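Structural overview
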Amino acid sequence: MSNARKIAIAPYLKKEKTTAGQSTIDTQGAGLDVFTPMGDLGISYDKSEHSSGSQRFGTKEKKVTYKKQFDVGSKGNKKIRVEGQYGKSENPGGKITTKGGKITFVYQRKRGGDVMPARNKKNFRPTKAGAGMTRAGVAAYRRANPGSKLKTAVTGKVKPGSKAAKRRKSFCARSAGQMKKFPKAAANPNSRLRQARRRWKC
């Protein structure tokens, strides 16, 4: 595939309104994003009208940004992300120039391949039985993902402060976040999420 076919161009128009109390910001703008093997380039121009009570003023902003991520090492789990920007803006206080950037070093630790066992009755409980993996399913997962510490649910009585109690507390806290993220599942008492929380005694 030629480099020309790897280039993507995405022009856009922007119109948004932000309100906070008596303050309002109306913004209109246009821009162009260009994605290439050499990095991502962004060009934008925004014009905003600010109003707060009887006070009104306008601002203008022009900006150019650049982003590129490089893989480092043979395993590809180390990356270097380069970002830069140059922009000029105008407001009642005068003209402002912003330029600079940052270099981010990223290390992704890989644990196993996150290979899931076959989805059958042997490895997974039905929803009515509390959902989640069975003992056989957990064992199969750990065999397929060396280094995994996955365990079965904590369903019995636990001593306060014990490892099992801490595991239950951690799961209930995580699943409470899922309840907020997926309101339909949270509202359905027969959903896998609700049944799993019931089995864990959350």
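Residues numbered from 1 in each chain as written. Predicted model: local features only at pLDDT ≥ 70, side-chain atom pairs only at ≥ 80, totals over all residues. Heavy atoms only, no water.

Further remarks concern the overall build of the protein. Helix and strand counts for the protein stand at four helices and six strands. Starting at the N terminus and ending at the C terminus, the protein contains elements arranged as β-β-β-β-β-β-α-α-α-α. By the compact-globule yardstick of 17 Å for 202 residues, the protein is too spread out, its C-alpha radius of gyration being 26 Å. Here the analysis covers contacts within the protein between residues at least 6 apart in sequence; of these, 37% occur between residues at least 24 apart. Only carbon and sulfur atoms are counted for the fraction: they give 54% of the accessible area of the protein, which is about 15,100 Å². In the protein, which carries 50 positive and 11 negative side-chain charges, the distance between the mean positions of the two groups comes to 23 Å. (Helix = DSSP H or I, 4+ residues; strand = E, 2+ residues; numbered from the N terminus. Rg over C-alpha atoms; globule rule 2.2 N^0.38 Å. Contact = heavy atoms within 4.5 Å. Areas by Shrake-Rupley, 256 points an atom, 1.4 Å probe, with all protein chains shown as cover. Lys, Arg positive; Asp, Glu negative; His and termini not counted. Charge placed at Lys NZ, Arg CZ, Asp CG, Glu CD.)

On to the sheet that holds strand S1 (residues 8–20), then. Spatially, six strands are ordered S1-S2-S3-S4-S5-S6 in an open sheet, and the strand pairing comes out antiparallel. Where the open sheet ends on each side, the last strands, each with one partner, are S1 and strand S6 (94–107). When strand polarity is set aside, the average angle formed by the axes of neighbouring strands in this sheet is 15°. Relative to S6, strand S5 (residues 78–91) is paired through 14 bridges, and the arrangement is antiparallel. When the bridges of S6 are listed, Gly84 appears paired with Gly101. (Pairing = 2+ DSSP bridges. Axes fitted to C-alpha atoms, helices over the stretch in contact; angles between N-to-C directions.)

What follows is about the packing of helix H2 (residues 163–181) against helix H4 (residues 192–199). Running from N to C, H2 and H4 point in directions that differ by 160°, and their axes come no closer than 11 Å. Viewed along their axes, H2 and H4 adopt a mutual orientation that is roughly antiparallel. As H2 runs across H4, the sense of the crossing is left-handed. Mapping the contact onto sequence places Phe171, Cys172, Ser175, Ala176, Gln178 and Met179 in H2 and Leu193, Arg194, Ala196 and Arg197 in H4. Across the contact of H2 with H4, the residue classes tally to six nonpolar, two polar and two charged. (Parallel < 35°, antiparallel > 145°, perpendicular 65-115°, else oblique. Left-handed = near helix turned anticlockwise from the far one by under 90°. Nonpolar A, V, L, I, M, F, W, Y, C, P; charged D, E, K, R; others polar.)

Turning our attention to the packing of aromatic side chains. Under the counting rule described, the total for this entry stands at one aromatic pair. With 4.2 Å between their ring centres and 15° between their planes, Phe171 and Trp200 make a pair best called stacked. Remark: Trp200 occurs in the segment after H4 and Phe171 occurs in helix H2; sequence separation between them is 29 residues. In this pair, the class of Phe171 matches that of Trp200, namely buried. One residue, Lys68, lies across the ring of Phe70, its end atom 5.5 Å from the ring centre. Over the ring of Phe124 we find Arg119, and its NZ or CZ is 4.1 Å from the ring centre. (Phe/Tyr/Trp six-rings, centres within 6.5 Å; stacked < 30°, edge-to-face > 60°. Buried < 20%, exposed > 50% of the residue type's maximum accessible area, 1.4 Å probe, protein only. Lys NZ or Arg CZ within 6 Å of the ring centre and 35° of its normal.)

Taken as a whole and assessed by the stated rule, the structure comprises one salt bridge. The partner of Asp46 in a salt bridge is Lys14, and the shortest N-O contact between them spans 3.0 Å. Within this pair, whereas Asp46 is found in strand S3 (residues 39–52), its partner Lys14 is found in strand S1, the two being separated by 32 residues in sequence. Its relative accessible area of 27% is what places Lys14 among the partly exposed residues. (Salt bridge = Lys/Arg side-chain N within 4 Å of Asp/Glu carboxyl O.)

The next thing to look at is a positive patch on the surface. Taken together, the side chains of Lys47, Lys60, Lys62, Lys88 and Lys95 present a region of like positive charge at the surface. When you line up the elements, Lys62 lands in strand S4 (residues 55–72). In this structure Lys62 comes out as exposed when scored by relative accessible area, which is 53%. (Patch = residues over 30% accessible without salt bridge, like charges linked within 9 Å, V, L, I, M, F, W, Y side chains within 5 Å.)

Before going further, it helps to examine the nonpolar core. Within the largest apolar cluster, five residues are counted, these being Ala153, Val154, Phe171, Ala196 and Trp200. Those residues in contact with Trp200 that sit more than four places away from it in its chain are Thr152, Ala153, Val154, Arg167, Arg168 and Phe171. (Core = buried A, V, L, I, M, F, W, Y, C linked by side-chain atoms within 4.5 Å.)

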